[in-house]
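# Observations on the three-dimensional arrangement
The chain contents come next:
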Amino acid sequence: MREKGGRLSGRHVALLAGLVFLFLFSQGQKHVTYLYGGAEREVKFLSLMINIDKQPCALPGEDRRLFLRIAILVLVNLLLWRRLIARDRRGIKGP
Amino acid sequence: MSDVWLLARYQIEEALAKKLFYIVVLMGLVLVGGVFFANTFELGHQGRVVRDASLSVIGVFSLALTLLLTLQAIPREIENRTIYPILARPLSRFQYLLGKELGIALVVGASLSLFYGLLLLLLFLKEGSFPVPLLGNALCNWLECVVISSFSFLLSVLVSPPLNFCFTIVAYFLGHFPVVYVNYILGRIPPVSGFVVETAKFALPQLEYLDIKTTLLYGDPISPLYFVEITLYALLYSGVLLYLAVLFFERKDL
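On a predicted model such as this, the values are computed, not experimentally measured, just so you know.

## Observations regarding the overall build of chain B
Scanning chain B for helices and strands turns up 12 helices and zero strands. Starting at the N terminus and walking to the C terminus, you meet the elements of chain B as α-α-α-α-α-α-α-α-α-α-α-α. Within the span of chain B, comprising 254 residues, buried residues form 55% of the whole. Within chain B, contacts between residues at least 6 apart in sequence are counted, and of these 80% link residues at least 24 apart. Accessible surface, chain B: about 11200 Å² in total, of which carbon and sulfur atoms supply 72%.

Here it is as structure tokens:
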């Protein structure tokens, strides 16, 4: 898949995009049935594109897990960046 | 900070010099507009279907733009040797990566403004009012692009662009994999595998948190605090990814 030292050629991009699209299309196609004017009509579409048949639901992040993730990320960021910023201030510019 | 801003401007100019960038933006605008004129969904739910499809198109095209700008950003500079004069200046690699990240975030933000501007204008012409809550989705789209670009930057230091593309796409879809499904899987596999799945889900960017489309489409209220939380989450997560990218980039022999 590599060409000219790892650079993506247009053909490779098109191939990858095509594969991703085919995957999505094969996985995500679903039938959506609507009642309109007393008659049922069916629409097939990518599930990723249309989710009209989904029921209204609570937001996925409205639980304690999001708080937990934010807390962990604050700690990790503090630990990691403190070192890097201190080193940057001392004037060390890479190896 | 002025160095970072200079690099960001350089990245913006580089993005604006790409023909493919304009093609993707134009295609996105045409499709967002096209959804309004497609008459397929006159089935009672038209308003919601049109919004859903438009928001999905914007989501897909913002992801495409982010990947287009990020995948080649560093490898091309190494290949063309334009990175050397930049790194020879008194500039840390952290500043270099931050400048690139900032430039891409601004370009994607500007493109999202165009997409959402057109969507709001068409909705105003159709319904006579601006659906302001949709702007919440614009913020979520932008945050998602920032996380994805950080993820892709980290990988672009480690692997080749094709592998980077594949891994980023996989991370994107795993990130959108609903927690409900993960819990369902966890109940049906041995605890050891369950631990691996749960750790992977926890470590990968949880893009599902940034997916508020369904809630918006059904008109459910979203607390302003939720936007603060997801903004914090996305920026902090990008911070960790950027740190790792700097770490590996500093070890790279250039």
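Next comes the rest of the write-up.
## Description of a nonpolar patch on the surface
Among the surface-exposed residues, L121, F124, L125, F130, V132 and L135 of chain B lie close enough to one another that they form a single nonpolar patch of about 580 Å² accessible area. For F124 of chain B, a relative accessible area of 34% translates into the label partly exposed.

## Looking at the packing of helix α1 (residues 2-16) of chain B against helix α6 (residues 93-127) of chain B
Residue and element names in this part refer to chain B. Contact geometry for α1 and α6: axes closest at 7 Å, N-to-C directions at 50°. It follows from the interaxial angle that α1 and α6 lie oblique. The hand of the α1/α6 crossing is right-handed. Contact residues: α1 offers D3, V4, W5, L7, A8, Y10, Q11, I12, E14 and A15, while α6 offers Q95, Y96, L98, G99, K100, L102, G103, I104, L106 and V107. Of the residues contributing to the contact of α1 with α6, the split by class is 13 nonpolar, four polar and three charged.

## Overview of the packing of helix α7 (residues 134-158) of chain B against helix α8 (residues 161-175) of chain B
A packed helix pair is summarised by two numbers, namely the angle formed by the two axes and the spacing between the axes. Residues and elements named next belong to chain B. It is at 10 Å that the axes of α7 and α8 come closest, and there the two elements cross at 145°. With respect to the hand of their crossing, α7 and α8 are arranged in right-handed fashion. Counting all contacts with α7, which are made through E144, I148, F151, S152, L155 and S156, the residues of α8 involved are N164, F167, T168, A171 and Y172. For the contact of α7 with α8, the class distribution of residues is six nonpolar, four polar and one charged.

## Description of the confidence of the model for chain A
Residue and element names in this part refer to chain A. In the predicted model, chain A carries a mean pLDDT of 59, and 27% of its residues have values of at least 70. Element-level mean pLDDT values for chain A span from 45 in strand β1 (residues 29-36) up to 77 in helix α2 (residues 64-90). Between residues 29-38, whose pLDDT stays under 50, and residues either more than four places distant or in other chains, the model counts 35 contacts. Segment residues 40-57: pLDDT under 50, and 67 contacts once partners within four positions in sequence are set aside and those in other chains are kept.

## A few points about the nonpolar core
In this structure, Y96, L97, L119 and I230 of chain B are the most contacted members of the largest nonpolar core, which totals 83 residues. Here the element with the most residues in this core is helix α12 (residues 224-251) of chain B; it accounts for 15 residues.

## Section: the environment of Q11 of chain B
Residues and elements named next belong to chain B. Considering the arrangement of structural elements, one finds Q11 in helix α1. The exposure class assigned to Q11 is buried, which follows from its relative accessible area of 3%. Taking the C-alpha atoms as reference points, Q11 and L106, 95 residues apart in sequence, are found 9.6 Å from one another. Leave out the neighbours within four places in its chain, and Q11 touches L69, A73, K100, G103 and I104.

## Examining the packing of aromatic side chains
Residue and element names in this part refer to chain B. This structure, assessed with the given rule, holds eight aromatic pairs over all chains. Ring geometry for Y172 and F173: centres 5.3 Å apart, planes at 85°, overall edge-to-face. By relative accessible area, Y172 is classed as buried at 11%. Measuring from centroid to centroid gives 5.9 Å for Y233 and Y237, while their planes differ by 45°, and the two rings are tilted. A residue pair is termed a helical-turn pair when its members lie 3 or 4 positions apart in one helix, as Y233 and Y237 do in helix α12 at four residues.

What counts and how
- Residues numbered from 1 in each chain as written.
- Chains lettered and ligands numbered in written order.
- Predicted model: local features only at pLDDT ≥ 70, side-chain atom pairs only at ≥ 80, totals over all residues.
- Heavy atoms only, no water.
- Helix = DSSP H or I, 4+ residues; strand = E, 2+ residues; numbered from the N terminus.
- Buried < 20%, exposed > 50% of the residue type's maximum accessible area, 1.4 Å probe, protein only.
- Contact = heavy atoms within 4.5 Å.
- Areas by Shrake-Rupley, 256 points an atom, 1.4 Å probe, with all protein chains shown as cover.
- Patch = residues over 30% accessible without salt bridge, like charges linked within 9 Å, V, L, I, M, F, W, Y side chains within 5 Å.
- Salt bridge = Lys/Arg side-chain N within 4 Å of Asp/Glu carboxyl O.
- Axes fitted to C-alpha atoms, helices over the stretch in contact; angles between N-to-C directions.
- Parallel < 35°, antiparallel > 145°, perpendicular 65-115°, else oblique.
- Left-handed = near helix turned anticlockwise from the far one by under 90°.
- Nonpolar A, V, L, I, M, F, W, Y, C, P; charged D, E, K, R; others polar.
- pLDDT = per-residue confidence, 0-100.
- Core = buried A, V, L, I, M, F, W, Y, C linked by side-chain atoms within 4.5 Å.
- Phe/Tyr/Trp six-rings, centres within 6.5 Å; stacked < 30°, edge-to-face > 60°.

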